[in-house]
Amino acid sequence: MATGKKIGILTSGGDCAGLNAVIRAVTRCAIEIYGWEVHGICKATHGLMTRPPESKRLSIKQVDPYLTMGGTFLGTTNKGDPFAFPMSDGSLRDRSEEIIEGYHQLGLDALIGIGGDGSLAILRKLAQQGGINLVGIPKTIDNDVGITERSIGFDTAVNIATEAIDRLHFTAASHSRVMIVEVMGRDAGHIALNAGIAGGADVILIPEIAYSLENICRHIKQRQAHGYDYSIVIVSEAVCTEAGALLEQGHFADCRLGGVGQYLAESITSLSGAETRVTVLGHTQRGGISSPLDRILASAFGVAAVELIANEQYDQMVTWQERSVKAVPIAEAIRDYRTVEPEGTLVKTARGLGICLGDRIISRTEHEQLSEALGANRPATVPA
Ligand code: F6P
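Chemist: Before we move on, could you go through the packing of aromatic side chains and cite the residues and values that matter?
Modeler: Aromatic rings in a pair are described by how distant their centres are and how their planes are angled relative to each other. Applying the stated criterion across every chain, the model contains two aromatic pairs. Look at Y34 and W36: their rings are 4.7 Å apart centre to centre, the planes differ by 20°, and that puts the pair in the stacked class. Plain terms: the ring middles of Y66 and F73 are 4.0 Å apart, the flat faces sit at 5° to each other, and that makes the pair stacked. Geometry around Y230 places R223 over its ring, the cationic atom sitting 5.4 Å from the centre.

Chemist: Mind laying out the domain arrangement of the protein, listing which residues take part and the relevant values?
Modeler: Assigned domains of the protein: these are domain 1 (6-152 + 290-333) and domain 2 (155-285 + 341-376). For domain 1 and domain 2, the distance between their C-alpha centroids amounts to 35 Å. Each partner contributes residues to the interface: domain 1 has eleven residues there, and domain 2 has twelve residues. Between domain 1 and domain 2, the buried area comes to about 850 Å², and carbon and sulfur atoms account for 53% of it. Broken down residue by residue, the surface that domain 1 buries against domain 2 is led by I141, D142 and S291, which jointly contribute 53%. Where domain 1 packs against domain 2, one counts one salt bridge. Note that K79 is salt-bridged to D254, the shortest N-O span being 3.5 Å. Its residues assigned to classes, the side of domain 1 that touches domain 2 comprises three nonpolar, three polar and five charged.

Chemist: Lay out unusual backbone geometry in plain terms, naming residues and giving numbers.
Modeler: Both trends apply: most residues other than glycine have a negative phi, and most peptide bonds are in trans. Residue P52 follows R51 across a cis peptide bond; omega there is -10°. Turning to its location among the elements, P52 is positioned in the loop between α2 (46-49) and β3 (55-58). Within the chain, R186 stands out as a residue other than glycine whose phi angle is a positive 50°. Mapped onto the elements, R186 comes out in the loop between β8 (178-183) and α7 (190-199).

Chemist: Let's hear about helix α9 (residues 260-272): which residues, and what values?
Modeler: Here α9 contains 13 residues, and its C-alpha end-to-end distance of 18 Å stays within 8% of the 18 Å for a straight helix at 1.5 Å per residue. V260, G261, L264, A265, S267, I268 and S272 are the residues of α9 that are buried. Positioned one or two residues after α9, G273 has a phi angle of 80°, which is positive.

Chemist: Let's hear about the site of the ligand: which residues, and what values?
Modeler: All residues in the neighbourhood of the ligand are listed as N78, K79, I141, D142, M184, G185, R186, E237, H283 and R286. Within the contact set of the ligand, an oxygen atom lies 3.0 Å away from a side-chain nitrogen or oxygen of N78. Contact distances for the ligand include 2.6 Å between an oxygen atom and a side-chain N or O atom of E237. For the ligand, the protein covers 79% of the area, taking 400 Å² as the surface of the free molecule. Along the lines of polarity and charge, the residues of the shell around the ligand split into two nonpolar, three polar and five charged.

Chemist: Provide a residue-level description of the environment of Y66, including the pertinent values.
Modeler: Its place among the elements puts Y66 in the loop between α3 (60-63) and β4 (85-86). When the C-alpha atoms of Y66 and I23 are compared, they prove to be 8.7 Å apart, with 43 residues separating the residues in sequence.

Chemist: Describe the nonpolar core, naming the residues involved and giving the relevant values.
Modeler: In this structure, I7, I9, I112, I137, I204, I232 and I234 are the most contacted members of the largest nonpolar core, which totals 63 residues. Residue contributions to this core reach at least three from each of two domains, namely domain 1 (6-152 + 290-333) and domain 2 (155-285 + 341-376). Here I232 is in contact with I165, L168, H169, A172, M179, V181, A201, D202 and V203, once residues within four sequence places are set aside. One finds I100, L108, L126 and V145 within the second-largest nonpolar core, a separate group that totals 25 residues.

Chemist: Tell me about the sheet that holds strand β2 (residues 37-41), residues and numbers included.
Modeler: One open sheet accounts for seven strands, arranged β3-β2-β1-β6-β7-β12-β13; its pairing is mixed. The sheet is open, and its two borders are formed by β3 and β13 (324-329), each paired with just one other strand. Adjacent strand axes in the sheet meet at a mean angle of 25°, parallel and antiparallel pairs treated alike. Bridge count for strand β6 (residues 110-115) against strand β7 (residues 134-138) is five bridges, and the pairing is parallel. Each residue of the ladder has a partner; that of I112, found in β7, is V135. In the packing of helix α5 (residues 117-130) onto the sheet, contacts are made with β1 (6-11), β6, β7 and β12 (316-321), and the angle to β7 comes to roughly 180°. Sheet contacts for helix α10 (residues 292-310): β1, β6, β7, β12 and β13; angle to β12, the most-contacted strand, approximately 140°.

Chemist: Break down the packing of helix α1 (residues 19-33) against α10 for me, with residues and values.
Modeler: Interhelical geometry of α1 versus α10 gives an angle of 40° and a closest axis separation of 8 Å. One way to sum up the angle between α1 and α10 is to call them oblique. Here α1 and α10 pass one another in a crossing that is right-handed. Every residue of α10 that contacts α1 at A21, V22, A25, V26, C29 and A30 is listed here: R295, A298, S299, G302, V303, V306 and E307. Looking at side-chain class alone, the contact of α1 with α10 contains nine nonpolar, two polar and two charged residues.

Chemist: Requested: an account of the sheet that holds β8, with residues and values cited.
Modeler: Pairing within the open sheet is parallel, and its four strands lie in the order β9-β10-β8-β11. The sheet terminates laterally at β9 (203-205) and β11 (276-280), the two strands that pair on one side only. Taken over all neighbouring pairs, the strand axes of this sheet differ in orientation by 15° on average, direction set aside. Pairing of β8 with β11, which is carried by five bridges, proceeds in the parallel orientation. Across the sheet, residue E182 finds its bridge partner in β11, namely V280. Of the strands in this sheet, β8, β9, β10 (231-236) and β11 are in contact with α9, which crosses β8 at around 160°.

Conventions we followed
Residues numbered from 1 in each chain as written. Predicted model: local features only at pLDDT ≥ 70, side-chain atom pairs only at ≥ 80, totals over all residues. Heavy atoms only, no water. Phe/Tyr/Trp six-rings, centres within 6.5 Å; stacked < 30°, edge-to-face > 60°. Lys NZ or Arg CZ within 6 Å of the ring centre and 35° of its normal. Domains from an automatic or database assignment. Contact = heavy atoms within 4.5 Å. Buried area = accessible area lost by both parts, 1.4 Å probe. Salt bridge = Lys/Arg side-chain N within 4 Å of Asp/Glu carboxyl O. Nonpolar A, V, L, I, M, F, W, Y, C, P; charged D, E, K, R; others polar. Helix = DSSP H or I, 4+ residues; strand = E, 2+ residues; numbered from the N terminus. Expected span 1.5 Å × (residues − 1). Buried < 20%, exposed > 50% of the residue type's maximum accessible area, 1.4 Å probe, protein only. Near = heavy atom within 4 Å. Polar contact = N/O pair within 3.5 Å; in protein donor to acceptor, adjacent residues only side chain to side chain. Areas by Shrake-Rupley, 256 points an atom, 1.4 Å probe, with all protein chains shown as cover. Core = buried A, V, L, I, M, F, W, Y, C linked by side-chain atoms within 4.5 Å. Pairing = 2+ DSSP bridges. Axes fitted to C-alpha atoms, helices over the stretch in contact; angles between N-to-C directions. Parallel < 35°, antiparallel > 145°, perpendicular 65-115°, else oblique. Left-handed = near helix turned anticlockwise from the far one by under 90°.

Right, dumping it as structure tokens:
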């Protein structure tokens, strides 16, 4: 039965552009098409732990102006696993039953959870334990949620990183510098790879492909020899030092990645003599006005999530696959973590454009000469 439902919606994990567009799509479809009540839950599951539960009834008039706005007007958090929630006295407490009780106190028939793989795993566990009718929507600038080709927020992040590279070309050329751009993405190099190709970077470094400083410097020198006395390097935050150390900002309980841009700048200067500068894009990649593509994806996901509830198909996540929205069981959707495929199309594209990925790629001629000299032992990778 699709009539008379009361549904909740919450955003969980790190914010990104497009979240407000999903809340708007859900609200519009649920009210306009089905005549349901929609309740926005504040600050992810924290709103359900609060007494009375912290939520607001949403109207179309209220959500419409948020279509383009970054962030989430419901608030969110990427801290505090409810199954081991950090209390003020330093202890950890299982607060899952409070959240489940909060959901039932609101009298909700279903809940739409918008999150990355971590948040969706937690929401699913709560749903299984407490009889919550859950539908998931994937969001993350990292674009690493297993089964979906796209998650909300990724496109905007790529646009922001690309625009930064576009701007840096001019200043890099004016000063004959190597400009290093550090982007987010955690263990997945999707932002760096996509923005690097779109922005015309000369070197793209991602966690999935090991690099050597020597190869990077050789590429920079080769560019200089061809009359380009500047270079743009884009690097993903989880790329390690050449010795394999993961760089973190400060000393916090949670792992906050950052610093590899500065490490590369110092290393490249000392190895090649090039003048370097670093731009760390950080949280700018999550904010601002969401891209049209993210708004379209958010709208499609929002409407599809409401349709799932109308058909009482729960424990499902909406995904983008082969040009359309498909629903898959949440457990299946988040089973695989999706990093960049080192032999995938975009890596091949970057190589085909002559972009250095830090690993040893040599020209066909050089390869043939070396192969001849070394017999059967292939010296290094050759572009496909
Ligand atoms: O997962 C999204 C993300 O933006 C990562 O790319 C980044 O490493 C992390 O969140 C930053 O988290 P926080 O907002 O806690 O600094």
